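What follows is each chain in one-letter form.
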Amino acid sequence: MAKGIKVIACQVMEKEIISIVGRESNATFVQYEYHDKPELLHNRIQEAIECSTDYQCIILGFGLCGGAIDGILAMTCPVIIPKIDDCIPLLLGSRERYEQEKKIESGTYFLNQGWIEYGNDALKDFYKWREMYGERKALWLINEIYKAYTRVAFINSGFEDKNRYLCYAGEVANFLNVKLDVLSGNLGFIRQLLNLEWDNDNYIKLEPGQKAERCMFRP
Amino acid sequence: MKKDEVLLNLQNAVVLANFEDALSWTGYGLKEGIPPFELITEGLSKGMINVGKKYEDGDYYVTDMILSSGAMNEALTILLPFLKKRKSKYLGKVVLGSVTDDIHDIGKNIVATMLIGVGFDVYDLGVNVSKEEFINKAIEVQADIVGASAFMSSTYLYQLDIKKALDEAGLTPKVKYIIGGGAVYRQWAREIGADGFANDALEAVNLCKSFVSAKGV
């Protein structure tokens, strides 16, 4: 008998997803660190799919994520994937809102609690690169890689402990010498995804045996 | 010091991303009368090709490539003014940019540096470049190749707009159009009728070289 729905998502959205499905749900969170190597992230997600047998369907809480989703194969049940580049539209509530925010400021560096907890940002990169290359080269890299960013936007999903994350987002903005904006998060997109309220415009459905392709992510 | 040693030191400066050495060996090489073009192609560029291979083999991180590219660019600031006087040496002219609404440029910048390194005249238009800017620059400099990078699946459709604009401006098939970037795939290049797709900087360089050698430049 099918066990219902399995969620496989990036750990940067763990808190948002748990707030909807609860801690007891069938959810697996994949470590963010694999984002630096899309092929490794791909393998971890595929392994998680292969370990998830007897489910009615699997929902992926990932976007294309640097191509990591390209080639993901649905095994014994359908796999649902939101049609997005990364998790930001999921945190903001829609692709439209994401586009709107990018129009307001194309050089926006988005952060949420999960991203701050597990992901990369300019400050963490600086400390890592300082270890690897020394301070001068680390600063040169920060300037080179983050030069196009003109604001840090903290997506507030409304969790009680948000203030310390907001403070940290401010530190990142200060370090980059850009402004900090606070954007209200919206869990509507994640909720739709988890409630299987999908349509072809926003989600991709892979039938068993079908592979995800980059072209499926076209708006 | 022998010329070969200077060139080897330049290669090493790029491989090790040593900005100071890249500058000082370039200055030394010029003082010793080594032609600027040779300092680039036999020194800096060979170093950068090594870096590209190390990245492909998984020995280097992308940050290593960016740093090496930075070291090479430091040296190029000294050398490029010399090259401008010797236009005949260029393999061809390449107009590059990241498409509209796309601010990602790390890969594109490495491609630009490596293309300069092997002898192309590169016009890098930067990020968030409109199709009109691509076309106008291609016409202005009589480009041989136009390259558009897109990192997001929300922006790579602009690569199709650029292809259409190149066609409408009558620049194709004379001007070759290549695409690349994180969101792009080989099949997409075929679908939009681009002349080539590059998955990384080395492939981009080889692609551009193949176009100009086919032309007999």
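Quick caveat, the model's predicted, so the values are computed rather than measured. (Residues numbered from 1 in each chain as written. Chains lettered and ligands numbered in written order. Predicted model: local features only at pLDDT ≥ 70, side-chain atom pairs only at ≥ 80, totals over all residues. Heavy atoms only, no water.)

Counting its secondary structure elements, chain A contains nine helices and eight strands. Relative to the compact-globule value of 17 Å for 219 residues, chain A shows a C-alpha radius of gyration of 18 Å, a close match. Buried residues in chain A amount to 52% of all 219 residues. Long-range contacts, defined as pairs at least 24 residues apart, comprise 66% of the intrachain contacts of chain A with a sequence gap of at least 6. With an accessible surface of roughly 10,100 Å², chain A has 46% of that area assigned to carbon and sulfur atoms. Side-chain charges of chain A comprise 26 positive and 31 negative groups, with the mean position of each set lying 2 Å from the other. (Helix = DSSP H or I, 4+ residues; strand = E, 2+ residues; numbered from the N terminus. Rg over C-alpha atoms; globule rule 2.2 N^0.38 Å. Buried < 20%, exposed > 50% of the residue type's maximum accessible area, 1.4 Å probe, protein only. Contact = heavy atoms within 4.5 Å. Areas by Shrake-Rupley, 256 points an atom, 1.4 Å probe, with all protein chains shown as cover. Lys, Arg positive; Asp, Glu negative; His and termini not counted. Charge placed at Lys NZ, Arg CZ, Asp CG, Glu CD.)

Facing 27 residues of chain B, the contacting portion of chain A comprises 25 residues. Across the chain B/chain A interface, buried area totals approximately 2,200 Å², and carbon plus sulfur atoms make up 57% of it. At the junction of chain B with chain A, the criterion picks out two salt bridges. The shortest N-O distance in the salt bridge between Asp105(B) and Lys147(A) comes to 3.3 Å. Our count for the chain B to chain A interface comes out at six residue pairs in polar contact (both at pLDDT 80 or more). Every element with two or more residues in the side of chain B that touches chain A is listed here: helix H2 (19-31), helix H4 (62-84), helix H5 (106-118) and helix H8 (186-192) of chain B. Per-element accounting of the side of chain B that touches chain A gives the leading share, five residues, to H4(B). Per-class residue counts for the side of chain B that touches chain A are 15 nonpolar, eight polar and four charged. (Buried area = accessible area lost by both parts, 1.4 Å probe. Salt bridge = Lys/Arg side-chain N within 4 Å of Asp/Glu carboxyl O. Polar contact = N/O pair within 3.5 Å; in protein donor to acceptor, adjacent residues only side chain to side chain. Nonpolar A, V, L, I, M, F, W, Y, C, P; charged D, E, K, R; others polar.)

Residue and element names in this part refer to chain A. Split by domain assignment, chain A resolves into domain 1 (5-85 + 188-217) and domain 2 (95-184). If you average the C-alpha positions of domain 1 and of domain 2, the two centres end up 25 Å apart. In this assembly, 13 residues from domain 1 lie in contact with 12 residues from domain 2. Summed over both sides, the interface of domain 1 with domain 2 buries roughly 1,100 Å², with 51% coming from carbon and sulfur. Of all residues in domain 1, Val12, Lys15 and Tyr32 bury the most surface against domain 2, accounting for 45% of the area lost on that side. Run the count over domain 1 and domain 2 and you get one salt bridge. (Domains from an automatic or database assignment.)

All names here are of chain B. Under the domain assignment used here, chain B contains domain 1 (1-88) and domain 2 (90-217). Between the C-alpha centres of domain 1 and domain 2 the distance comes to 24 Å. Summing the contributions of domain 1 and of domain 2, the shared interface buries around 1,500 Å²; its carbon and sulfur component is 68%. For the pair domain 1 and domain 2, the interface holds zero salt bridges. The interface formed by domain 1 and domain 2 contains three residue pairs in polar contact (both at pLDDT 80 or more). Counting only elements with at least two residues in the side of domain 1 that touches domain 2, the list comes to helix H3 (36-56) and H4. Among the residues making up the side of domain 1 that touches domain 2, the classes are represented as 10 nonpolar, six polar and five charged.

Moving on: the pairing of strand S4 (residues 79-82) of chain A. Residues and elements named next belong to chain A. Here S4 shows a buried face lined by Val79 and Ile81 and a second buried face lined by Ile80 and Pro82. Examined bridge by bridge, strand S3 (residues 57-61) and S4 share two bridges and lie parallel to one another. What sits directly across from Ile59, in S4, is Ile80. For S4 and strand S8 (residues 203-206), the ladder comprises four bridges, and the chain directions are antiparallel. In the sheet register, Val79 faces S8, and the bridge partner there is Leu206. (Pairing = 2+ DSSP bridges.)

All names here are of chain A. Along the chain, the position of Gly119 falls in the loop between helix H5 (113-118) and helix H6 (122-133). Through-space distance from the C-alpha of Gly119 to that of Cys10 is 10 Å; in sequence the pair is 109 residues apart. Once residues lying within four places of it in the same chain are set aside, the contact partners of Gly119 are Tyr32, Gly114 and Lys124.

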